[in-house]
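Residues per chain, in single letters:
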Amino acid sequence: NSFEPCDFVLFGTMGDLSRRKLLPSLYQLEKAELIHPDTTIIGVARQEMSKEDYIAEVKSNIEKFSDKALCEDTWNRLCERLDYICVDMKDINSYKAFDDVVDPNRVMVCYLATPPAIYGDICRGLHGCDIIDSSVRVVLEKPIGHDLDSSKVINDQVSEYFNESQIYRIDHYLGKETVLNLIALRFANSIFATNWDHNCIDHVQISVAESVGIEGRWGYFDDAGQMRDMVQNHLLQILSLVAMEPPATLDADSIRDEKLKVLKALRPIDVSNINDVTVRGQYTAGFVKGEEVPGYLEEDDANTRSKTETFVAIKAEIDNWRWAGVPFYLRTGKRMPTKVSEVVIYFKRQPHNLFGDSFNSLPPNKLVIRLQPDEGVEITVMNKIPGLTSSGSMDLQKSKLDLSFSEAFSEERIPDAYEKLLLEVMLGNQALFVRRDEVEQAWNWVDSILDAWNHTAEPPEPYQAGTWGPVASIGLLARENRSWYESK
Ligand code: BG6
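Quick notes on the rules
- Residues numbered from 1 in each chain as written.
- Predicted model: local features only at pLDDT ≥ 70, side-chain atom pairs only at ≥ 80, totals over all residues.
- Heavy atoms only, no water.
- Phe/Tyr/Trp six-rings, centres within 6.5 Å; stacked < 30°, edge-to-face > 60°.
- Helix = DSSP H or I, 4+ residues; strand = E, 2+ residues; numbered from the N terminus.
- Buried < 20%, exposed > 50% of the residue type's maximum accessible area, 1.4 Å probe, protein only.
- Salt bridge = Lys/Arg side-chain N within 4 Å of Asp/Glu carboxyl O.
- Core = buried A, V, L, I, M, F, W, Y, C linked by side-chain atoms within 4.5 Å.
- Contact = heavy atoms within 4.5 Å.
- Near = heavy atom within 4 Å.
- Polar contact = N/O pair within 3.5 Å; in protein donor to acceptor, adjacent residues only side chain to side chain.
- Nonpolar A, V, L, I, M, F, W, Y, C, P; charged D, E, K, R; others polar.
- UniProt positions renumbered as here; feature names shortened; annotations may be inferred.
- Pairing = 2+ DSSP bridges.
- Axes fitted to C-alpha atoms, helices over the stretch in contact; angles between N-to-C directions.
- Parallel < 35°, antiparallel > 145°, perpendicular 65-115°, else oblique.
- Disulfide = S-S within 2.5 Å.

The tally for this structure, following the rule as stated, stands at 14 aromatic pairs. Residues tyrosine 168 and phenylalanine 433 carry aromatic rings whose centres are separated by 5.1 Å and whose planes lie at 75° to one another, so their mutual orientation is edge-to-face. Remark: phenylalanine 433 occurs in the loop between α12 (417–427) and α13 (436–456) and tyrosine 168 occurs in strand β6 (residues 167–169); sequence separation between them is 265 residues. Residue tyrosine 168 shares its accessibility class with phenylalanine 433, and that shared class is buried.

See the structure below:
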């Protein structure tokens, strides 16, 4: 990794992702003095616009999407780096504009915050103006494809011009502090490192719930659904980090090799077991946080016959030595009661209960890793209630050891995932980016589930907005005498 100057080129600089996330993140990196003093930032979009207008646009944008008032010093430094070029990304001749703004002797980072359908055009355009060499890095946003075949097409288009060591595929969950902390928790603490397998763990739950609906993105979302939008990437990445073997080092390929092995070991789900291990749902009208919201089929632009799922629950199994017999229950949905992402590790019960007749009176230990919001790590333990009793009995109570990030690290601001990822690209570290084989392996598993759903032709089960999903999702665990963890 090296802290060196680069030309950071932001394709799609006027788009939603750039406005909401990328430009505010660059501003935060500037504030933390984590951008090399000689780095330039070049916005690229189709609109004709002067550099001054672009700068004004970026400023008002950062003001809108940052949580605090603009710091003049930071802004002045950032503003000095900004430039803008107007490029019709599909027109190869349009790329001549790059000659005037990029320095061929420096690293160039091309962030493609554009629809994946034009990744190929952009790579071809850059190649046409002869600025691609081995020092250029290209950053790709999801979705990489709609299924395995289409992801291969996109990856092939990009790899015609870039080799894998130059390609940075974003899964923004990998930039979240608490997701990164999974690696620290597991491998920097012997109490977890040695208890992390089928001998000690009963099952694992991974929930990523959102209270928002599809936020004006009906067209995109209806084509994708929650499985492609969330499970194929974010949930499977979290699962891989929770389940992977210890990597030999923290370098990019050591980590990615181990994650890939987990994805390869996922037991296939197909028509033979689809109804036993998956549940999909679609929200109907209801109340979220006291506000009345429409159902999925009543959203603006909705096709009222859509069978697209807005909720998914899956019992996943990893067929390897470490995880034999340990289910990983995954759950994600839109319009749930609240936004919360958590990993919950349920340890096995003690083999014998010294403290009462009922086996159930001694609940298992749980490790709750709160990814967002209220980031933290919590362990439930049984504790003796202090005090004297006439019978001399030892009364127990479930208690929590609770590490809340906001209390433990009150001086630290938790950076947005994109700040971390932008920094890593500029440093040239691929560890937090998804390798081609991981993307393809994830599609392979997901495609089989989507095919099986198609085959059954059953519609998703309705669930009222503001609830935790269809009743069948409760049943998925209840039939194994388990239940979903209830978030705070
Ligand atoms: C995106 C999905 O990748 O992740 C969105 O496309 C989803 O549908 C978002 O809302 C959730 O991200 P976060 O960081 O808000 O949990």
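Here we come to the pattern of salt bridges. Within this structure, the stated rule accounts for 34 salt bridges. Of the charged contacts, one joins arginine 19 and glutamate 57 as a salt bridge, the two residues approaching to 3.2 Å between their closest N and O atoms. Placement of arginine 19 in helix α1 (residues 16–31) and of glutamate 57 in helix α2 (residues 51–65) is noted, with a sequence separation of 38 residues between them. By relative accessible area, which is 23% here, arginine 19 ends up partly exposed. Between glutamate 480 and arginine 482 there is a salt bridge, with its nearest N and O atoms 3.6 Å apart.

Counting residues in each nonpolar core, the largest one holds 129 residues, and the members touching the most others are Phe11, Phe98 and Trp445. Looking at which element gives the most residues to this core, the answer is helix α8 (residues 218–243), with ten residues. Those residues in contact with tryptophan 445, other than ones at most four positions away along the chain, are Val231, Leu236, Leu266, Arg267, Pro268, Ile269, Ile314, Ala316 and Leu330.

In this section: the site of the ligand. Neighbouring residues of the ligand: Lys142, His172, Tyr173, Lys176, Glu210, Arg217, Asp229, Met230, His234, Lys334, Lys339 and Gln372. At 2.7 Å from an oxygen atom of the ligand is found a side-chain nitrogen or oxygen belonging to histidine 234. Looking at the shell around the ligand element by element, the count peaks at three residues for α8. The class makeup of the residues in the shell around the ligand is two nonpolar, three polar and seven charged.

In the numbering adopted here, UniProt assigns the feature "active site" (unreviewed entry) to His234. Summarising the element assignment, histidine 234 is placed in helix α8. The contacts of histidine 234, once residues within four sequence positions are left out, are Lys142, Asp171, His172, Tyr173 and Asp229. A polar contact is formed between the side chain of histidine 234 and the side chain of aspartate 171, at a distance of 2.7 Å.

Within the secondary structure, glutamate 30 is located in helix α1. Owing to a relative accessible area of 1%, glutamate 30 belongs among the buried residues under this scheme. Not counting residues within four places of it along the chain, the set of residues in contact with glutamate 30 comprises Ile35, Thr74, Arg77, Leu78 and Arg81.

Moving on, we get to the UniProt feature "binding site: NADP(+)" (unreviewed entry) in the chain. Look at the UniProt record and you will see "binding site: NADP(+)" (unreviewed entry) annotated at Arg46 and Lys142. By the element assignment, arginine 46 lies in the loop between β2 (40–45) and α2. The exposed category is assigned to arginine 46, whose relative accessible area is 64%. Those residues in contact with arginine 46 that sit more than four places away from it in its chain are Tyr84, Cys86, Val87 and Asp88. Residue position: lysine 142 is located in the loop between β5 (137–140) and α5 (148–159).

Below, the discussion takes up the side chain of glutamate 141. Relative to the assigned elements, glutamate 141 resides in the loop between β5 and α5. Setting aside residues up to four positions removed in sequence, glutamate 141 forms contacts with Leu17, Tyr111, Leu112, Tyr119, Ile170 and Tyr418.

Once that is clear, we can look at the environment of tyrosine 111. In this fold, tyrosine 111 is placed in strand β4 (residues 107–112). Residue tyrosine 111 is classed as buried on the basis of its relative accessible area of 0%. Every residue in contact with tyrosine 111, bar those within four places of it in the chain, is listed here: Phe8, Val9, Leu10, Phe11, Leu17, Leu22, Val139, Glu141, Ile170, Tyr418 and Leu422.

What follows deals with the sheet that holds strand β3 (residues 82–86). The strand order across the open sheet built from six strands is β3-β2-β1-β4-β5-β6, with neighbouring strands paired in parallel fashion. Here the strands that pair on one side only, and so sit at the sheet edges, are β3 and β6. Each strand axis lies, on average, 20° off the axis of its neighbour in the sheet, ignoring direction. The pairing of β5 with β6 spans three bridges and is parallel. Looking at the pairing, valine 139 lines up with tyrosine 168 of β6. Contacting β2 and β3, α2 crosses the sheet at an angle of about 115° to β3.

This part is about the packing of α1 against α2. Look at α1 against α2: their axes get within 9 Å of each other, and the N-to-C directions meet at 95°. With respect to α2, the axis of α1 lies roughly perpendicular. Within the contact between the two elements, α1 uses Ser18, Arg19, Arg20, Leu23, Pro24 and Tyr27 and α2 uses Tyr54, Glu57, Val58, Asn61, Ile62 and Phe65. Per-class residue counts for the contact of α1 with α2 are seven nonpolar, two polar and three charged.

A separate point is the state of the cysteines. Here, the word disulfide means a covalent bond between the sulfur atoms of two cysteines. Applying the stated criterion to the full structure yields zero disulfides. Free cysteine: cysteine 6, not disulfide-bonded; nearest cysteine sulfur from cysteine 110 at 10 Å. On the accessibility criterion, cysteine 6 (1% relative accessible area) is buried. No disulfide involves cysteine 79; its sulfur sits 13 Å from that of cysteine 71, the nearest cysteine.

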